Amino acid sequence: MAVDFHEEIKTLRATMDSVREVTNLDALRSQITDLEKQASVPDLWDDQEKAQQVTSSLSRANTELERVVGMDQRVEDLETLVEMGTEDGGDPETMAEAERDLAALKKDVGELEVRTLLSGEYDEREAVVTIRSGAGGVDAADFAEMLMRMYLRWAERHQYPTSVLDTSYAEEAGLKSATFEVKAPYAFGHLTVEAGTHRLVRISPFDNQGRRQTSFAAVEVIPLIESTDSIEIPENEIKVDVFRSSGPGGQSVNTTDSAVRMTHIPTGIVVSMQNEKSQIQNRAAALRVLQSRLLLVRQAEEDATKKEMAGDIKASWGDQMRSYVLHPYQMVKDLRTEHEVGNTSGVFDGDIDDFIEAGIRWRRTGEKENAS
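Residues numbered from 1 in each chain as written. Predicted model: local features only at pLDDT ≥ 70, side-chain atom pairs only at ≥ 80, totals over all residues. Heavy atoms only, no water.

Enquirer: Mind showing me how you'd approach the pattern of salt bridges here?
Expert: Any two side chains of opposite charge can pair, on the condition that their charged atoms come close. Applying the stated criterion across every chain, the model contains 29 salt bridges. When the shortest N-O distance is used, the salt bridge between Arg153 and Glu156 registers 3.2 Å. On the criterion of helical spacing, the pair formed by Arg153 and Glu156 is a turn pair, its members being three residues apart in helix H5 (residues 137-157). Here Glu156 falls in the exposed class, since its relative accessible area comes to 52%. (Salt bridge = Lys/Arg side-chain N within 4 Å of Asp/Glu carboxyl O. Helix = DSSP H or I, 4+ residues; strand = E, 2+ residues; numbered from the N terminus. Buried < 20%, exposed > 50% of the residue type's maximum accessible area, 1.4 Å probe, protein only.)

Dropping the structure here:
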């Protein structure tokens, strides 16, 4: 069936109108002007923390403006290409190129539209992700490691820097738990819809009788703390234990007590860090993640309607949000959005953008229903 370019371009323009309305380009340009003035102050780098904050905000604002303006230009270019392809009886090669451009443009405009739905208080933050194995024994530990690789590959596909903060290996295979940062704007807004219990169904590679096994893993996503958040933790509320870092099978990977376990006594929140080289670095990383978790707790206390907190994820039957089935058929299905795909290997290789986009749209629909 022939592509109706007129209707497709009309739809793209309508979507971009809503994107521009939400983005508020005039306010964004004003913000850029103000940040450029701050960045041009001669003694800016006397305060390195403030300088990094200013330059990072400026880069982020410029990227956001260029993304919207550039997308508008691409719609204009597509319209011009279609006009050229339909002149003088039509040019099949030009129209084929227009179809390819249209497909790419629809995908990119859709992603940009989803970005405008990320308007939560912490959505634009970087993210700290923790994965824990649940019910299912060694299969669950292996599943936790599969999920960690999936998210790291997703970040790699988008060229988002990541940093693994802590890994606790299971005895036979896989991970008991792992924590890592995704250092990109809006990483929290995107990945927060991944929080919850994930379920894997497959023939267990660890069962010598080849039986089918169901296992679970929990994913927790919190926003990375920023210096402006002012989460001060009195020293007498923190208990710090130091120990030697361990690798797969519990083997010691260094000869000094550089790993750190930090416990927030009033809430019972525990954070472990062992991937930095020194105890001081691990202490700093643990404190940062602890502050981030307390920030989320504070937000929950301020907003009584917030239902899902990190401690509520049980990683067992009854509360799963996504199923990964490798036997007797191949399918990954999100139980909230009903989005499903048959390419399980692609999903485990980080191809999860469609799940994330569907989750963000699902969340926004729920927010609107609760508000009405």
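Right, picking up where we left off after that structure.
Enquirer: Just to check I follow, could you spell out the side chain of Arg115 for this structure?
Expert: As for its placement among the helices and strands, Arg115 is situated in helix H4 (residues 92-116). Contacts of Arg115, omitting those with residues within four sequence positions, involve Glu64, Arg67, Tyr186 and His190. (Contact = heavy atoms within 4.5 Å.)

Enquirer: What should I look at first to understand the sheet that holds strand E8 (residues 269-273) in this one?
Expert: Across a sheet, strands are paired by hydrogen bonds formed along the backbone, either parallel or antiparallel in direction. With respect to topology, three strands assemble into an open sheet ordered E6-E7-E8, the strand pairing being antiparallel. The open sheet has two edge strands, strand E6 (238-243) and E8, and neither has a second partner. Strand-to-strand, the axes of this sheet are offset by a mean angle of 15 degrees, without reference to chain direction. In the sheet, E6 pairs with strand E7 (residues 259-264) via six bridges, with the strands oriented antiparallel. Of the residues in E7, the one forming a bridge with Asp241 is Arg261. (Pairing = 2+ DSSP bridges. Axes fitted to C-alpha atoms, helices over the stretch in contact; angles between N-to-C directions.)

Enquirer: So what exactly am I meant to see when it comes to the packing of aromatic side chains here?
Expert: Aromatic ring pairs are described here by two measures, namely the spacing of the ring centres and the angle between the planes. All told, the structure shown has three aromatic pairs when counted by the stated rule. Both rings, one in Phe143 and one in Tyr324, keep their centres 5.5 Å apart while their planes meet at 70 degrees; by these two values the pair is edge-to-face. Taken together, the residues Phe143 in helix H5 and Tyr324 in strand E9 (residues 320-325) connect sequence positions 181 residues apart. In this structure, Phe143 and Tyr324 share a single accessibility class: buried. (Phe/Tyr/Trp six-rings, centres within 6.5 Å; stacked < 30°, edge-to-face > 60°.)

Enquirer: Teacher, can you tell me more about the packing of helix H1 (residues 5-23) against helix H3 (residues 48-86) here?
Expert: The description of two packed helices rests on the angle between their axes and on the distance between the axes. Closest axis-to-axis distance for the H1/H3 pair is 11 Å, and the angle between their directions is 165 degrees. Between H1 and H3, the crossing angle belongs to the class labelled roughly antiparallel. For the crossing formed where H1 meets H3, the hand is left-handed. Between H1 and H3, the contacting residues are Phe5, Ile9, Leu12, Arg13, Met16, Val19, Arg20 and Thr23 on the first element and Glu64, Val68, Met71, Asp72, Val75, Glu76, Leu78, Glu79 and Val82 on the second. (Parallel < 35°, antiparallel > 145°, perpendicular 65-115°, else oblique. Left-handed = near helix turned anticlockwise from the far one by under 90°.)

Enquirer: Which parts of the structure should I look at to understand the sheet that holds strand E4 (residues 196-203)?
Expert: Here we have eight strands laid out as an open sheet, ordered E2-E3-E1-E5-E4-E9-E10-E11, and mixed in their pairing. Unpaired on one side and paired on the other, strand E2 (162-169) and strand E11 (340-341) mark the two borders of the sheet. On the sheet, H5 packs against strand E1 (127-133), E2, strand E3 (175-182), E4, strand E5 (212-223) and E9 and is oriented at approximately 45 degrees with respect to E5.

Enquirer: Explain helix H2 (residues 25-39) here, please?
Expert: An α-helical turn contains 3.6 residues, so any two residues separated by three or four positions project in the same direction. Helix length check: H2 (15 residues) gives 20 Å between terminal C-alpha atoms against 21 Å at 1.5 Å per residue, within 8%. Of the positions making up H2, those classed as buried are Leu25, Leu28, Ile32 and Leu35. Along the axis of H2, the buried residues cluster in a sector spanning 80 degrees; they form a single face. Residues of H2 that are exposed and angled more than 90 degrees away from the buried face: Asp26 and Lys37. (Expected span 1.5 Å × (residues − 1). Arc of directions from axis to C-beta.)

Enquirer: How do you make sense of the nonpolar core when you look at a structure like this?
Expert: Note on soluble globular proteins: their nonpolar side chains tend to be buried together. Grouped together as the largest cluster of nonpolar side chains are 58 residues, with contacts concentrated most on Ile131, Leu147, Tyr151, Leu191 and Tyr324. With nine residues, the top contributor of residues to this core is H5. The residues touching Leu191, leaving out its near neighbours within four places in the chain, are Ala127, Val129, Tyr151, Trp154, Val182, Val221 and Ile356. Core analysis: the next-biggest nonpolar cluster, separate from the first, contains 27 residues, Leu44, Val75, Leu78 and Leu112 among them. (Core = buried A, V, L, I, M, F, W, Y, C linked by side-chain atoms within 4.5 Å.)

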